[in-house]
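Letter by letter, the chains look like this.
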Amino acid sequence: NYSSWLEVIGAARYDHYELNSAAVTTSGERLSPKITVGVTPVAGFTPYASYSEGYRAPSITETLIAGAHATGGGPAFFNCPDGTQGLFCFLPNPNLKPEVGKNKEVGVNLKYDNVFQAGDSFRGKVNVFRNDVEGYIDLVASAPVPVPPFGSFSQFYQYQNIAAARIQGVELETMYDAGRWFLGVAATIQEGKNLQNGIGLYSISPQRVTTSAGIRCADNKAQFSVAWTNVKGNTDIPANYLPATSYDLVIAGIDQP
């Protein structure tokens with residue numbers, strides 16, 4: 001910190017992993033930096049910029065999962081190499097490489113007290129980000145084959161590295177608290193693309209907006225709150241994947257300390 005108007009955060013993270021078996025040995029390591037610079041020209045208003053790198057080793061599931069996927073009581077479409085039967089077959093990939101992400105972010109933090117009345121508060125954060133990922137790990141399906149009389153389906157699924165992927169979007173979070181009541185809105189709008197073919201990534205979280213509100217009573221010993229979340233199904237996915245549907249979720253409750 002310098003005075004009350006400048007804040008600089010620097011960090012570094014070291015990661016190392018190993019995967020050993022009688023047939024395959026893989027390992028990796030990396031030192032990932034991070035730096036964030038924020039300025040506060042006026043009290044309560046802090047724009048900032050951040051650059052960070054991340055390293056994610058492939059998980060045990062991604063490298064070693066094998067065999068048939070359960071049918072859920074329906075017919076088994078395929079015979080798998082290990083002798084099992086199921087809707088489709090997982091193929092292991094112990095040679096997966098780790099992901100390396102390089103994230104750029106700019107945003108603003110808002111912090112104000114006594115806005116409309118004594119004791120109230122407003123907090124807010126808005127940011128725009130872009131994360132370019134090398135070696136993104138995604139579940140890749142084989143070309144569909146006919147399965148009469150049900151249609152065409154992919155027989156094999158395997159976690160593979162995508163050379164280049166991009167995840168970008170906007171995040172918003174606000175909350176006004178007047179003491180006896182509060183109201184807030186949070187939203188995440190993002191997209192992910194396979195930069196090799198321009199097709200969306202199926203594993204990206206869907207767009208969502210959450211509105212929450214509540215009141216406090218009995219000298220703040222009881223709180224009634226309700227939250228409404230609107231989720232938009234991700235439809236920008238590979239052609240042989242089933243898109244999710246959009247939905248709304250409402251949660252209401254009473255809290256007592």
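Predicted, not measured: the structure shown is a model, and the values here were computed from it.

Q: Got a minute to help me understand the state of the cysteines in this structure?
A: Throughout this description, disulfide means a covalent bond between two cysteine sulfur atoms. Evaluated as defined, the whole model comprises 1 disulfide. Covalently, cysteine 80 is tied to cysteine 89 through a disulfide, its sulfur atoms 2.1 Å apart. Where cysteine 80 bonds to cysteine 89 through sulfur, the torsion about that S-S bond is close to -90°, and the disulfide is left-handed. With respect to burial, cysteine 80 and cysteine 89 carry one shared label: buried.

Q: Quick question: what am I supposed to make of the side chain of serine 154 here?
A: Within the secondary structure, serine 154 is located in the loop between β11 (151-153) and β12 (156-177). A polar contact of 2.7 Å, which involves the side chain of serine 154, links it to the backbone oxygen of serine 142.

Q: Just checking my understanding: could you explain the packing of aromatic side chains for this structure?
A: Two aromatic rings, taken as a pair, are described by how far apart their centres are and by the angle between their planes. Here the structure, examined in full by the defined rule, presents 10 aromatic pairs. With a centroid separation of 6.5 Å and 90° between ring planes, the pair formed by phenylalanine 77 and phenylalanine 78 is classed as edge-to-face. Members of the aromatic cluster, each reached through a chain of ring pairs, are Phe88, Phe90, Tyr157, Tyr202 and Tyr241.

Q: Is there a simple way to explain the pattern of salt bridges in this structure?
A: Between side chains of opposite charge, pairing is possible as soon as their charged atoms come close. Tallying each qualifying case throughout the model produces 10 salt bridges. Here aspartate 132 and lysine 104 are joined by a salt bridge, their closest N and O atoms 2.8 Å apart. A residue pair is termed long-range when its members are at least 10 positions apart, and aspartate 132 in strand β9 (residues 121-141) and lysine 104 in strand β8 (residues 99-113) qualify at 28 residues. Looking at lysine 104, the relative accessible area reads 32%, which means it is partly exposed.

Scoring rules and cut-offs
Residues numbered from 1 in each chain as written. Predicted model: local features only at pLDDT ≥ 70, side-chain atom pairs only at ≥ 80, totals over all residues. Heavy atoms only, no water. Disulfide = S-S within 2.5 Å. Buried < 20%, exposed > 50% of the residue type's maximum accessible area, 1.4 Å probe, protein only. Helix = DSSP H or I, 4+ residues; strand = E, 2+ residues; numbered from the N terminus. Polar contact = N/O pair within 3.5 Å; in protein donor to acceptor, adjacent residues only side chain to side chain. Phe/Tyr/Trp six-rings, centres within 6.5 Å; stacked < 30°, edge-to-face > 60°. Salt bridge = Lys/Arg side-chain N within 4 Å of Asp/Glu carboxyl O.

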